[in-house]
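Chain by chain, the residues:
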Amino acid sequence: FQTFKQVLTPSGFQKYEGIRARLVDSILEVSFDDRTRLKCTEDHRIQLADGKFIEASSLVPDMEVLSVNGCAKILNIKKIKQKTWVYDLLDVANGSVYWTNGIASHNCVLIDECLAGKETVRIRRKSDHHEMTMRLEDFWKAV
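Here the structure is a predicted model, which means the values were calculated and not measured.

Quick look at the overall build of the protein
Move 1: A count of helical and extended segments in the protein gives two helices and 12 strands.
Move 2: Counting from the amino terminus, helix and strand elements in the protein follow one another as β-β-β-β-β-β-β-β-β-β-α-β-β-α.
Move 3: Relative to its full complement of 143 residues, the protein shows a buried share of 38%.
Move 4: Within the protein, contacts between residues at least 6 apart in sequence are counted, and of these 50% link residues at least 24 apart.
Move 5: Of the roughly 9000 Å² of accessible surface on the protein, 51% is carried by carbon and sulfur atoms.

What follows is the structure, encoded as structure tokens:
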């Protein structure tokens with residue numbers, strides 16, 4: 001008996017390597033016009049209808065995001081301040097994009113942070129999934 005880890009993505013079912021769990025102090029609950037809701041962290045990457053990815057903290061009402069049904073318009077965003085366990089899929093094949101409650105999400109922060117011109121990046125060791133923050137300059141010297 002072999003377990004296959006797959007998740008539905010915009011390009012069909014894709015394999016992923018694992019799941020990262022972390023405890024956060026607050027989450028956002030985003031409500032959409034198609035009656036779906038998404039609970040996520042403020043740094044969760046969401047794909048807009050135009051194809052760009054932004055952090056959930058930058059979402060505003062009336063923005064349109066990519067959904068399994070085409071597009072969904074944001075109606076409301078509510079911050080919930082309570083300790084909550086959140087989960088992120090690791091190393092999703094073919095682009096790191098997958099459907100989270102019907103909304104297109106991205107699980108790769110390194111490339112996005114480099115493109116955003118940040119001075120630090122969050123990295124994760126593949127062996128034990130330990131996360132740390134590193135100066136971008138030090139990261140490039142290490143690779």
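Observations regarding the nonpolar core
Move 1: If you look at the biggest cluster of nonpolar residues, it comprises 14 residues, and the most contacted ones within it are Phe32, Ile46, Leu59, Val65 and Ile103.
Move 2: Put simply, the parts of the chain that give this core at least two residues each are β3 (18–32), β4 (37–40) and β8 (70–90).
Move 3: By residue number, the principal contributor to this core is β3, which donates three residues.
Move 4: Not counting residues up to four positions away in its chain, the partners in contact with leucine 59 are Val30, Ile46, Leu48, Ile54, Val65, Ile74 and Ile77.

Brief notes about a nonpolar patch on the surface
Move 1: A surface patch of nonpolar side chains, amounting to about 480 Å² of accessible area, comprises Ile19, Leu23, Trp85 and Tyr87.
Move 2: Here tyrosine 87 is to be found in strand β8.
Move 3: Relative accessible area serves as the criterion here: at 57%, tyrosine 87 is assigned to the exposed category.

Concerning the pairing of strand β10 (residues 103–106)
Move 1: Of the two faces of β10, both are covered, the one formed by Ile103 and Ser105 as well as the one formed by Ala104 and His106.
Move 2: Taken together, the two bridges between strand β5 (residues 45–47) and β10 define a ladder with antiparallel strand orientation. In the sheet register, arginine 45 faces β10, and the bridge partner there is histidine 106.
Move 3: If you look at the hairpin formed by strand β9 (residues 97–100) and β10, you'll find two residues sitting between the two strands, and asparagine 101 has a positive phi there, around 55°.

Brief notes about the pairing of β8
Move 1: Where β3 meets β8, 14 bridges bridge the pair, whose relative direction is antiparallel. By the bridge assignment, serine 26 is partnered in β8 with lysine 81.
Move 2: Where strand β7 (residues 64–67) and β8 come together, four bridges link them in antiparallel fashion. Across the sheet, residue valine 65 finds its bridge partner in β8, namely alanine 72.
Move 3: Counted between consecutive antiparallel strands, the loop separating β7 from β8 contains two residues.

Some words on the confidence of the model for the protein
Close inspection of predicted coordinates is inappropriate in any region flagged by low pLDDT.
Move 1: Across the protein, pLDDT averages 81, with 73% of residues at or above 70.
Move 2: Within the protein, no element has a lower average pLDDT than helix α1 (residues 110–115), which sits at 42, and none a higher one than β7, at 96.
Move 3: Confidence drops under a pLDDT of 50 for residues 109–116, and excluding neighbours within four residues, the segment shows 12 contacts in the predicted structure.

So, how was this worked out
Residues numbered from 1 in each chain as written. Predicted model: local features only at pLDDT ≥ 70, side-chain atom pairs only at ≥ 80, totals over all residues. Heavy atoms only, no water. Helix = DSSP H or I, 4+ residues; strand = E, 2+ residues; numbered from the N terminus. Buried < 20%, exposed > 50% of the residue type's maximum accessible area, 1.4 Å probe, protein only. Contact = heavy atoms within 4.5 Å. Areas by Shrake-Rupley, 256 points an atom, 1.4 Å probe, with all protein chains shown as cover. Core = buried A, V, L, I, M, F, W, Y, C linked by side-chain atoms within 4.5 Å. Patch = residues over 30% accessible without salt bridge, like charges linked within 9 Å, V, L, I, M, F, W, Y side chains within 5 Å. Salt bridge = Lys/Arg side-chain N within 4 Å of Asp/Glu carboxyl O. Pairing = 2+ DSSP bridges. pLDDT = per-residue confidence, 0-100.

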